[in-house]
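Single-letter residue listing:
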Amino acid sequence: MTNHLPAESEGCGMQVEATGKTVDDAIEQALRLLGVTREQVEIEVLEPGTPGIFGVGAEPARVRVTLKNSPAVFVKGLLNSVVQYAGWDLSVEDPVVREGEIYINLEGSDAGLIIGKRGDTLNALQLLIQSAVTKRFPQPIRIVLDASKYRERRRAAIIQLALNAADKARSQKRIVRLRNLTAAERRIVHVTLQSDPTVFTMSEGEGENRVVIVAPIEMRDKLLRRQRNAQRASPSKASQQSQGQT
């Protein structure tokens, strides 16, 4: 049996071609590759196939299966195809659609491989899926790709880190710096503490040296004044040193 890599057709969703002994076999192959049901696709029979005589002269059936134009279905189908062709031991769970966002989790023994160091591999795969979705659909949709709920666990850990830093800043009346966080993780810290009237957060530094500062609210004016002075000294860095930026 031959299965072809998924592709996108003009004006349609992602599609795949597959072969089998019969049309039904070919359809099942295509559905398995995309990880979807018949209700989520449109099916075109390219070649009905022939059984031959006692197996002699038999020709396989060939079908083209196209995903219906739904972002969630598209994302799941694309991920299923990537996982299968890469040979990863992973299953793609059903997407969770939130306002302007699609969350989808991968489970399996290769989850650690997909996550990578500090989530770098997972972020790279998420970026590829996001790029495909942005190209395919006009409406803005944020893709959140997870593996073994890594992002959910990491988010909970970052929230606790932010709360602990706020407690320390308040009780010891000093600046607490949070290092080695990704842009998304720094954003979680800012959002977690933005409603706390007793502390103030800001980001400073560049690249791998960028940190989140958590400080008592009384230090806010001093920190902002220091930041403005630094920006005047180095105007090129001004856009990266503003309050609350990740």
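Position labels on residues start from 1 in each chain and follow its written sequence. Confidence filtering applies because this is a predicted model: local features only for residues at pLDDT of at least 70, side-chain atom pairs given and counted only at 80 or more, and all residues used for totals across whole chains, interfaces and linings. Note that water and hydrogens are dropped before the side-chain values are worked out from all heavy atoms of the structure.

Glancing now at the environment of V191. In this text, helices come from DSSP runs of H or I with a minimum length of four residues, and strands from runs of E with a minimum of two, each type numbered from the N-terminal end. By the element assignment, V191 lies in helix 6 (residues 183-193). Residues V191 and I159, 32 residues apart in the sequence, show an inter-C-alpha distance of 9.2 Å.

Each reported salt bridge corresponds to a side-chain nitrogen of Lys or Arg within 4 Å of a carboxyl oxygen of Asp or Glu. Taken as a whole and assessed by the stated rule, the structure comprises 15 salt bridges. Between R64 and E17 there is a salt bridge whose closest N-O contact spans 3.1 Å. Within this pair, whereas R64 is found in strand 4 (residues 61-67), its partner E17 is found in strand 2 (residues 14-20), the two being separated by 47 residues in sequence. Using a relative accessible area of 22% as the deciding quantity, one classes R64 as partly exposed. Only protein chains enter the calculation, and the probe is 1.4 Å; a residue is then buried if its accessible area is under 20% of its type maximum, exposed if over 50%, and partly exposed in between. Of the residues examined, E17 reaches a relative accessible area of 18% and is grouped as buried. D221 is the partner of R220 in a salt bridge, and the nearest nitrogen-oxygen pair spans 3.6 Å. A relative accessible area of 30% means that R220 is categorised as partly exposed. D221 gets classed as partly exposed once you look at its relative accessible area, which sits at 48%. Overlapping salt bridges bring together E17, E44, E47, R62 and R64 as one network.

Let us look at the packing of aromatic side chains. Two rings from Phe, Tyr or Trp (for Trp, the six-membered ring) form a pair when their centres are within 6.5 Å of each other. A pair whose planes differ by under 30 degrees is stacked, one over 60 is edge-to-face, and the rest are tilted. Evaluation of the coordinates by the stated rule reveals one aromatic pair. Summarising the aromatic geometry, the rings of F74 and F137 are spaced 5.6 Å apart at their centres and angled 80° between planes, so their arrangement reads as edge-to-face. Taken as a pair, F74 in helix 2 (residues 71-86) and F137 in the loop between helix 4 (120-136) and strand 8 (142-147) lie far apart in primary sequence, 63 residues in all. Taking relative accessible area as the criterion, F74 reaches 2% and is therefore assigned buried.

Further remarks concern the layout of surface pockets. Estimates place the volume of the largest pocket at around 590 Å³. Of all the secondary structure elements, the ones that give two or more residues to the lining of the largest pocket are strand 7 (101-107), helix 4, strand 8, helix 5 (150-172) and helix 6. For cavity detection a 1 Å grid was placed over the protein atoms alone, and a set of points counts as a cavity when a 1.4 Å probe fits there but cannot get out; an open set counts as a pocket when protein lies on both sides within 12 Å along at least five of seven lines, with lining residues being those that have an atom within 4 Å of a point. Grid points are joined across faces, edges and corners, and a volume is the space filled by probe spheres set on the points.

Turning our eyes to something else, we now look at the packing of helix 2 against helix 4. In the contact formed by helix 2 and helix 4, the axes pass within 11 Å of each other and the chain directions differ by 135°. Between helix 2 and helix 4, the angle falls in the class oblique. Note that helix 2 runs across helix 4; the crossing there is right-handed. Counting all contacts with helix 2, which are made through F74, V75, L78, L79 and V82, the residues of helix 4 involved are L125, I129, A132, V133 and R136. Think of it as three bins: nonpolar holds Ala, Val, Leu, Ile, Met, Phe, Trp, Tyr, Cys and Pro, charged holds Asp, Glu, Lys and Arg, and polar takes everything else, Gly as well. Here the residues of the contact of helix 2 with helix 4 sort into nine nonpolar, no polar and one charged. In this analysis an axis means a line fitted to C-alpha atoms, helices contributing only their contacting stretch, and an angle means the value between N-to-C directions, from 0 to 180 degrees. An angle counts as roughly parallel when it lies under 35 degrees, as roughly antiparallel when it exceeds 145, as roughly perpendicular when it falls between 65 and 115, and as oblique in every other case. Helix crossings get a hand from a simple test, with the near helix turned counterclockwise from the far one by less than a right angle marking a left-handed crossing and a clockwise turn marking a right-handed one. Residue contacts are counted whenever heavy atoms from the two residues lie within 4.5 Å of one another.

What the three strands build is an open sheet, ordered 9-11-10; its pairing is antiparallel. For this open sheet the edge positions go to strand 9 (176-178) and strand 10 (199-204), each flanked by a neighbour on one side alone. On average, each strand axis in the sheet is tilted by 25° relative to the strand beside it, whichever way the strands run. As paired strands, strand 9 and strand 11 (residues 211-216) are joined by three bridges and run antiparallel to one another. When the bridges of strand 11 are listed, R177 appears paired with I213. Lying over the sheet, helix 6 contacts strand 9, strand 10 and strand 11, oriented at roughly 160° with respect to strand 10. The strands that helix 7 (residues 220-233) touches are strand 9, strand 10 and strand 11; relative to strand 10, the one it contacts most, it runs at about 15°. By this definition, two strands are paired if DSSP reports at least two bridges between them.

Here we come to helix 1 (residues 23-34). Helix length check: helix 1 (12 residues) gives 17 Å between terminal C-alpha atoms against 16 Å at 1.5 Å per residue, within 8%. Along helix 1, the residues that are buried comprise A26, I27, Q29, A30, L31, L33 and L34. Where the residues of helix 1 are buried, they touch strand 2, strand 3 (41-47), strand 4 and helix 2. The positive-phi residue at the C-terminal boundary of helix 1 is G35, with phi of around 70°. Helix span, expected: 1.5 Å multiplied by one less than the number of residues in the helix.

So yeah, pure geometry; function would need other evidence.
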